[in-house]
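Architecture and fold: a report
This is what each chain is made of:
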Amino acid sequence: MALRRDPHVLVIGGSDSSGGAGIARDIETIASIGVRTCLAVTALTVQTHEAVVEIHHSQPRLVADQMRAALQANKVEAIKIGMLATAETVGAVVAVLRENPQVPAILDPVLASSSGRALLEASAIRVMTRDLMPLCRLVTPNLIELALLVGAEQAVDEDGAVKQGQELLAAGAQAILIKGGHAAGPRSTDILMSSDQEPVRFDTPRLAPSMRGTGCMLASAIAAHLARAKSLEDSVRKGKLFVYERLQKNAAE
């Protein structure tokens, strides 16, 4: 089949019955960039735009088997990882990534929903930082997630965020993109950090309207551009522009 030769992004994450985030948002984003998707579903959720009502976890073995089947069936050029829910599922994803080190993975460390419902067990955070992050080409935490990942209070300024980012790099992360959406001020600045170069800042005007699933969108857009053989910095730049344009459109409507 011809589609097998097309570049794919393997999306690993949970469903969102409202369609606002999760794999629904991932597929929409990646398809709009012209790249195909394949899936490994980690959880089924019952949720609206206001609240997560129920979460049903997939068995870790099933998640790993979905990943292996998708990798076997398609030309997977990048992997986007979202909601993982449990330490056991994190471990299952780690096992398959170790089998496929040639495929770059983007990790959006989904720790809680927009409404505040925990989407990753507290015991799984250590497993994520220790075992999963070093296997990923990029990790994309917001300021709240960044603080939880390093076990600290949320950074109050850019210097504090960069210091926490350096802690994640020291723990083994290859590169991180600190998202500035939860900061204050008229500008929203995302900071790309890696151990072998100075931080790169991506700065845009802060838009007033909010939109669910922007973290999913950004990580998915970056993965889609990586699948098209873009450099990491270029993929981040294009991904940031994609989300900004969608937010502008949302504001106009």
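A brief structural summary. Computed from a predicted structure; not experimentally measured.

1. Points about the side chain of Asp-190
For Asp-190, the location among the structural elements is in strand S8 (residues 187-194). Overall, Asp-190 belongs to the buried group, its relative accessible area being 5%. There is a polar contact of 3.2 Å between the side chain of Asp-190 and the side chain of Lys-240. Once you skip the residues sitting within four places of it in the chain, Asp-190 turns out to touch Leu-177, Ile-178, Lys-179, Gly-180, Val-200, Arg-201, Phe-202, Leu-218 and Lys-240.

2. Concerning the side chain of Thr-140
With respect to the helices, strands and loops of the structure, Thr-140 is situated in the loop between strand S6 (138-139) and helix H5 (143-150). Look at Thr-140 and you get buried, because its relative accessible area is 0%. Excluding residues that lie within four positions of it along the chain, Thr-140 makes contacts with Ile-106, Leu-107, Asp-108, Pro-109, Glu-145, Leu-177, Lys-179 and Ala-219.

3. Thoughts on the pairing of strand S2 (residues 36-47)
Judged from the 7 bridges that link them, strand S1 (residues 7-14) and S2 form a sheet pairing that is parallel. Bridge pairing in S2 places Val-11 opposite Leu-39. In terms of handedness, the path from S1 via helix H1 (residues 22-32) over to S2 forms a crossover that is right-handed. Where S2 lies against strand S3 (residues 52-57), 5 bridges are found, and the strand directions are antiparallel. Residue Thr-45 lies in a different strand from S3, and its bridge partner there is Ile-55. Hairpin connection of S2 to S3: 4 residues between the antiparallel strands.

4. Topic: the packing of helix H3 (residues 87-99) against helix H4 (residues 122-132)
Relative orientation of the contacting elements H3 and H4 amounts to 10°, with a least axis distance of 9 Å. Comparing their axes, H4 and H3 come out roughly parallel. Considering only the axes of H3 and H4, their crossing is right-handed. Contact with H3, carried on its side by Ala-87, Val-90, Val-93, Val-94, Leu-97 and Arg-98, involves Ser-123, Ala-124, Val-127, Met-128, Asp-131 and Leu-132 of H4 and no other residues of that element. Across the contact of H3 with H4, the residue classes tally to 9 nonpolar, 1 polar and 2 charged.

5. Digging into the pattern of salt bridges
Tallied over the full model, the rule gives 12 salt bridges. The partner of Asp-6 in a salt bridge is Arg-36, with the nearest N and O atoms 2.8 Å apart. Of the two residues, Asp-6 is situated in the segment before S1 and Arg-36 in strand S2; the sequence distance between them amounts to 30 residues. What makes Arg-36 partly exposed here is its relative accessible area of 39%. With a closest N to O distance of 3.0 Å, Arg-237 and Glu-233 form a salt bridge. Taken as a pair, Arg-237 and Glu-233 lie in helix H8 (residues 232-252) at a separation of 4 residues, close to a single helical turn. Relative accessible area serves as the criterion here: at 42%, Arg-237 is assigned to the partly exposed category.

6. Some remarks on helix H2 (residues 60-73)
Across its 14 residues, H2 extends 20 Å between first and last C-alpha, which sits within 8% of the 20 Å expected from 1.5 Å per residue. Of all the residues in H2, the buried ones are Val-63, Ala-64, Met-67, Ala-70 and Leu-71. Buried residues along H2 cover an arc of 130° about the axis, so they all sit on one side. H2 presents Arg-61 and Gln-72 as exposed residues on the side facing more than 90 degrees away from its buried surface. Of the surrounding secondary structure, the elements contacted by the buried residues of H2 are S1, S2, strand S4 (75-81) and H3.

7. Things to note about unusual backbone geometry
At Ala-85, a residue that is not glycine, the phi angle is positive and equals roughly 80°. Given a relative accessible area of 3%, Ala-85 falls into the buried group. Even without a glycine there, the phi angle at Ala-229 is positive, about 65°. Within the element layout of this structure, Ala-229 appears in the loop between helix H7 (214-227) and H8.

8. A word on the packing of H1 against H7
Orientation of H1 relative to H7, taken along the N-to-C sense of each, is 40°, at an axis distance of 9 Å. As summarised for this structure, H1 and H7 are arranged oblique, according to the angle between their axes. Crossing hand, H1 versus H7: right-handed. Only Cys-216, Met-217, Ser-220, Ala-221 and Ala-224 of H7 make contact with H1, whose side of the interface consists of Gly-22, Arg-25, Asp-26, Thr-29 and Ile-30.

Thresholds, definitions, all that
- Residues numbered from 1 in each chain as written.
- Predicted model: local features only at pLDDT ≥ 70, side-chain atom pairs only at ≥ 80, totals over all residues.
- Heavy atoms only, no water.
- Helix = DSSP H or I, 4+ residues; strand = E, 2+ residues; numbered from the N terminus.
- Buried < 20%, exposed > 50% of the residue type's maximum accessible area, 1.4 Å probe, protein only.
- Polar contact = N/O pair within 3.5 Å; in protein donor to acceptor, adjacent residues only side chain to side chain.
- Contact = heavy atoms within 4.5 Å.
- Pairing = 2+ DSSP bridges.
- Right-handed = clockwise from strand over helix to strand, strands pointing away.
- Axes fitted to C-alpha atoms, helices over the stretch in contact; angles between N-to-C directions.
- Parallel < 35°, antiparallel > 145°, perpendicular 65-115°, else oblique.
- Left-handed = near helix turned anticlockwise from the far one by under 90°.
- Nonpolar A, V, L, I, M, F, W, Y, C, P; charged D, E, K, R; others polar.
- Salt bridge = Lys/Arg side-chain N within 4 Å of Asp/Glu carboxyl O.
- Expected span 1.5 Å × (residues − 1).
- Arc of directions from axis to C-beta.

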